[in-house]
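# Notes for the structure review
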Amino acid sequence: QVQLVESGGRLVQTGGSLRLSCAASGRTFSSYAMGWFRQAPPKEREFVAAISWTGGSTNYADSVKGRFTIARDNANNTVYLQMNSLKSEETAVYYCAARREWNKKATTFTQYTYWGQGTQVTVSS
């Protein structure tokens, strides 16, 4: 089992940058694929980015390609989401998630097993 705790969310201006962190418990962190999702009610939770066990494979939603970067540090059980050129419509609660198998097609929230509590990102113009 994996427990996840996100941090780093805050108020940022349009065009600004922010780095989110997700700290995982458990010695098997490196065997999980990790993902970031976001949700702004009343919308459904949507896929943002994912990274494989080793970090060698990544996947991004089209809307964030070229602006967001996902990375992981298996030695410190942490996954990051670097977000640049933020837009006001990206205001949401950002969630970290984990699943056992890496699958580039796993882009829906139902395909992930473990979730953090979320961190609020507010992009203000």
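Structure shown above.
Read on for an overview of the structure. Treat the numbers as computed from the prediction; the structure is a model and nothing was measured. (Residues numbered from 1 in each chain as written. Predicted model: local features only at pLDDT ≥ 70, side-chain atom pairs only at ≥ 80, totals over all residues. Heavy atoms only, no water.)

In this structure, the largest pocket spans a volume of roughly 150 Å³. In this structure, the largest pocket is lined by 13 residues; those nearest its centre are Arg38, Lys43, Glu46, Glu89 and Glu90. Counted by class, the lining of the largest pocket contains 2 nonpolar, 3 polar and 8 charged residues. (1 Å grid on protein atoms, 1.4 Å probe; cavity = no way out; pocket = protein on both sides within 12 Å on 5 of 7 lines; lining within 4 Å. Points joined across faces, edges and corners; volume = space filled by probe spheres on them. Nonpolar A, V, L, I, M, F, W, Y, C, P; charged D, E, K, R; others polar.)

It is worth spelling out the environment of Thr110 at this point. Counting through the fold element by element, Thr110 comes out in the loop between strand S9 (92–99) and strand S10 (114–115). It is 9.7 Å that separates the C-alpha atoms of Thr110 and Arg45, two residues lying 65 residues apart in sequence. (Helix = DSSP H or I, 4+ residues; strand = E, 2+ residues; numbered from the N terminus.)

Another point: the sheet that holds strand S1 (residues 4–7). Strand order in the open sheet formed by 4 strands is S1-S3-S8-S7, and the pairing between neighbours is antiparallel. In this open sheet, the two edge strands, each paired with only one partner strand, are S1 and strand S7 (68–73). On average, each strand axis in the sheet is inclined to that of its neighbour by 15 degrees, with strand direction left out of account. By the bridge criterion, 4 bridges tie S1 to strand S3 (residues 18–24) in an arrangement that is antiparallel. Bridge pairing in S3 links Leu4 to Ala24. (Pairing = 2+ DSSP bridges. Axes fitted to C-alpha atoms, helices over the stretch in contact; angles between N-to-C directions.)

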